[in-house]
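Architecture and fold: a report
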Amino acid sequence: MAKNCHNDYKMKFSGDEEFPDLSLHNNHMAKVLTKDIYNKLRGKSTPSGFTVDDIIQTGVDNPGHPFIMTVGCVAGDEESYEVFKDLLDPIISDRHSGYKPTDKHRTDLNFENLKGGDDLDPAYVLSSRVRTGRSIKGFTLPPHNSRGERRTIEKLSIEALATLSGEFKGKYYPLNGMTDKEQDQLINDHFLFDKPVSTLLTCAGMARDWPDARGIWHNDAKTFLVWVNEEDHLRVISMQQGGNMKEVFKRFCTGLLKIEETFKKHNHGFMWNEHLGYVLTCPSNLGTGLRGGVHVKLPKLSTHAKFGEILTRLRLQKRGTGGVDTASVGGVFDISNADRLGSSEVDQVQMVVDGVKLMVAMEKKLEKSESIDDMIPAQK
Amino acid sequence: MASTFTRMIAGRYPAALLASLGAGTVAGGLLLSDSALFAEGKRSLYPPSADFPDLRKHSNCMAAALTPAIYARLRDQVTPQNWTLDQCIQTGVDNPGHPFIKTVGAVAGDEETYEVFAELFDPIIKDRHNGYDPRTMKHPTDLDASKITNGVFDEKYVLSSRVRTGRSIRGLSLPPACSRSERREVERVVVTALAGLKGELAGRYYGLGDMSDKEQQQLIDDHFLFDKPVSPLLTCAFMARDWPDARGIWHNHEKNFLIWVNEEDHTRVISMEKGGNMKRVFERFCTGLKQVEQLIHERGWEFMWNERLGYILTCPSNLGTGLRAGVHVRLPILSKDTRFSKILENLRLQKRGTGGVDTAATGDTFDISNNDRLGKSEVELVQQLVDGVNYLIDCEKKLEKGQEIKVPFPVAQFKKY
């Protein structure tokens, strides 16, 4: 690993002297971390050397925003969630609607369990997308991993992806080796990810050694895409124009399971456990790590007084079409599931499918100047 | 916890390692033995060659000096505070550099860095400081400002004069490595000492996190306020952690002696004033530094210094004197002369825009300062700057009258001490 915690040396100083100043902070870590918890955890370290100071550095450096509640901590390896459970369990509970340390998470990647989803009106639903992340067992995570580890992850990923065939046959483009032509094409396809500039990520050490061992893989049809060594070991994305979420989800599940098979054959399955589901770098992505969403035109509904309320009840969230933290353009919103942990992949995509269907119906009503009061859903 | 440990072992390591575990596994998350075993396994799975950075597109001093052999010998070494080579070079790996500007690409985490990792830092120092060899040469320190001659410039040309350096507090880790408590201790030590300054040096401290809006605006107007580093050269070297905790600015009431606390170094010390009296600026600089040093001695602290490297600072480029003495000077005709760069080069001076390093000059006014830091004393460097600026002004005056100017002989390199 790149970081050495030099924690033994820091133990010379008292917990009070080391405790961060969180007086201006508004993130989950700052809400949860007390001097007692800090004192209890500061002497510990995961076997790979990740410490509580490493966990919280990003949250200390990014006080947060008064309106957006960021998480403020990251895991450095699978063991982080065990060794630092006194800090991470309350954060997980806070972030994931009261999820308890004894709760079990259900994984369901059987696309056949999704009802409907192939009939979202394409006049309103412009595109559909499902993404998740996966961490490979036996390696530390992006905030902590060494160049050697990261390169091995890349090598394993390239090997695994090269075995895919049929609709999943594709090609890998390492960030540090693509031609200008390839780069332009990836930019035009909106596939290229760039060096993180967000301090939420850079302060967590995730941009180290950029662009070494980072890359993008996609299938020839450009509907299935894998990012290697960005914020997680792998980010897996299935997407297409139009509203056929059923097809997107089918491809997502099929592709993911094929990739997982190949990694397992090399004795490197994905990090998963029955309490936290899929283990990822940011606690906000535990469970399914899934964000399933659409770009949908809702010019009237989005200005309705109850829009926010409707989204909350449907367990959905809105973003601008540029992604998280962007504003909507022309009444087009990115609508996706808010939950990650405590419900399965099928559950979450079902909520998107049902919720978007309902909201499109509401939009149509509002176009005819009819009321939608009797359509307001109950809290899911 | 024992189950987590065995799960990890079974998942990751070759069978050979399992055999060596024995019965010593104890439950608990703390376990130095966990870490030691992990580190051992890591070393066998990832030899140094697996971790050697890709420096093919890099052009900084670190990339020029670091070889796979040096990396292999140093990768698993640590300073007494457990600072590693990977941490020293991270900034250089993350910032390939620019073909025209050669950045250093490595930082120290503590005083011992320059010893433990000497095999890398010595060639970097040689490269950056004109062949200075820390193994064989000694660095002279001389803060006797009375030795400066001709140190008052023609104010028709020189608008302002400034001298800066840095100082590190021995026994505390440097900004890339320091913990919050160490950083707070640096602040305590320095602020306590500064409170003892009297007369024209008496002043006040403004903690970055505590200042009022009014104080902040005043410091901005005075051009004293430093902000959170945005340059990736610094952020990739971990120097912006925990901002703005334990950072602040101290200045005297006269506003001509200023100290930054916990920015890129433990302290940056600046003496400045409008006009051309560089001698007075340097006098105040030396007096102030000596008084601060006396005040910290009284409490049992001292500055990091040794006779090979002079004053120890975070960036190898600032070793020795850490001193940049400069002026803002108007040279409308000379600056357009094709010989301007060569003249500066031979005088061992550098030009910057008046916004500081990496800014372009606006109009005819330049920031002219000394190139060198290590191998010559403070007095020598300031005298070199004084002589050089006087020469430049003389050229400008000659060109005004249509007279001929000459490119001077190159200034001598270091003497042998």
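Preceding this section is the structure that the text describes.
Just so you know, these numbers come straight off a predicted model, no measurement behind them.

The rules behind the values
- Residues numbered from 1 in each chain as written.
- Chains lettered and ligands numbered in written order.
- Predicted model: local features only at pLDDT ≥ 70, side-chain atom pairs only at ≥ 80, totals over all residues.
- Heavy atoms only, no water.
- Phe/Tyr/Trp six-rings, centres within 6.5 Å; stacked < 30°, edge-to-face > 60°.
- Helix = DSSP H or I, 4+ residues; strand = E, 2+ residues; numbered from the N terminus.
- Buried < 20%, exposed > 50% of the residue type's maximum accessible area, 1.4 Å probe, protein only.
- Pairing = 2+ DSSP bridges.
- Axes fitted to C-alpha atoms, helices over the stretch in contact; angles between N-to-C directions.
- Contact = heavy atoms within 4.5 Å.
- Expected span 1.5 Å × (residues − 1).
- Salt bridge = Lys/Arg side-chain N within 4 Å of Asp/Glu carboxyl O.
- Core = buried A, V, L, I, M, F, W, Y, C linked by side-chain atoms within 4.5 Å.

**Comments concerning the packing of aromatic side chains**
In total, this model carries 17 aromatic pairs over all chains according to the counting rule given. Summarising the aromatic geometry, the rings of phenylalanine 19 of chain A and tyrosine 38 of chain A are spaced 5.5 Å apart at their centres and angled 80° between planes, so their arrangement reads as edge-to-face. Within this pair, whereas phenylalanine 19 of chain A is found in the loop between helix H2 (15-18) and helix H3 (28-32), its partner tyrosine 38 of chain A is found in helix H4 (residues 35-41), the two being separated by 19 residues in sequence. A relative accessible area of 13% means that phenylalanine 19 of chain A is categorised as buried. Geometrically, the ring pair formed by phenylalanine 52 of chain B and tyrosine 71 of chain B is edge-to-face, given 5.6 Å between the ring centres and 80° between the ring planes. Placement of the pair is phenylalanine 52 of chain B in the loop between helix H4 (48-51) and helix H5 (61-65) and tyrosine 71 of chain B in helix H6 (residues 68-74), with a sequence separation of 19 residues. Assigned by exposure class, phenylalanine 52 of chain B and tyrosine 71 of chain B land together as buried.

**Focus: the sheet that holds strand E5 (residues 267-274) of chain B**
Residues and elements named next belong to chain B. Taken in spatial order, the eight strands of this open sheet run E2-E3-E4-E5-E1-E8-E10-E9, and their pairing is antiparallel. If you trace the sheet from one side to the other, it starts and ends with strand E2 (203-207) and strand E9 (349-352), each paired once. Neighbour-to-neighbour, the strand axes of this sheet turn through a mean angle of 20°, independent of strand direction. Judged from the five bridges that link them, strand E8 (residues 324-330) and strand E10 (residues 365-370) form a sheet pairing that is antiparallel. Note that in E10 the partner of arginine 330 across the bridge is threonine 365. Across the sheet, helix H13 (residues 278-297) is in contact with strand E1 (158-167), strand E4 (257-261), E5 and E8; its angle to E1 comes to roughly 20°.

**Focus on helix H10 (residues 180-194) of chain B**
Residues and elements named next belong to chain B. An ideal rise of 1.5 Å per residue puts 21 Å on 15 residues; H10 measures up with 21 Å between its terminal C-alpha atoms. Burial analysis of H10 places 11 of its 15 residues in the buried class, which makes it a mostly covered element. Every buried residue of H10 is listed here: Arg180, Ser181, Glu182, Arg183, Arg184, Val186, Glu187, Val189, Val190, Ala193 and Leu194.

**Description of helix H9 (residues 118-128) of chain B**
In an α-helix, one turn spans 3.6 residues, which is why side chains three or four residues apart end up on the same side. Among the residues of H9 of chain B, Ala118, Leu120, Phe121, Asp122, Ile124 and Ile125 of chain B are the ones counted as buried. Following H9 of chain B by one or two positions, asparagine 130 of chain B has its phi on the positive side, about 55°.

**Examining the pattern of salt bridges**
Scanning the entire structure with this criterion turns up 59 salt bridges over all chains. Across the pair lysine 147 of chain B and aspartate 142 of chain B runs a salt bridge whose closest N-O atoms are separated by 2.7 Å. The exposure class assigned to lysine 147 of chain B is partly exposed, which follows from its relative accessible area of 44%. Of the charged contacts, one joins lysine 397 of chain B and aspartate 154 of chain B as a salt bridge, the two residues approaching to 3.1 Å between their closest N and O atoms. You can see lysine 397 of chain B sitting in helix H15 (residues 378-400) and its partner aspartate 154 of chain B sitting in the loop between H9 and E1, a full 243 residues away along the chain. Three or more residues are tied together by salt bridges with common partners; here these are Lys10 and Asp53 of chain A together with Arg180, Arg183 and Asp242 of chain B.

**Here we look at the nonpolar core**
Phe153, Met278, Phe282, Leu334, Ile368 and Leu392 of chain B are the most contacted members of the largest nonpolar core, which has 57 residues in total. Only E1, H10, E4, H13, E8, helix H14 (340-346), E10 and H15 of chain B provide two or more residues apiece to this core. Considering each element in turn, this core owes the most residues, 10 residues, to H15 of chain B. If near-sequence neighbours (up to four positions away) are discounted, leucine 392 of chain B is found in contact with Leu331, Leu334, Phe340, Ile343, Leu344, Leu347, Leu349 and Ile368 of chain B. Counting residues in hydrophobic clusters, the runner-up holds 56 residues, among them Leu156, Phe333, Ile335 and Val360 of chain A.

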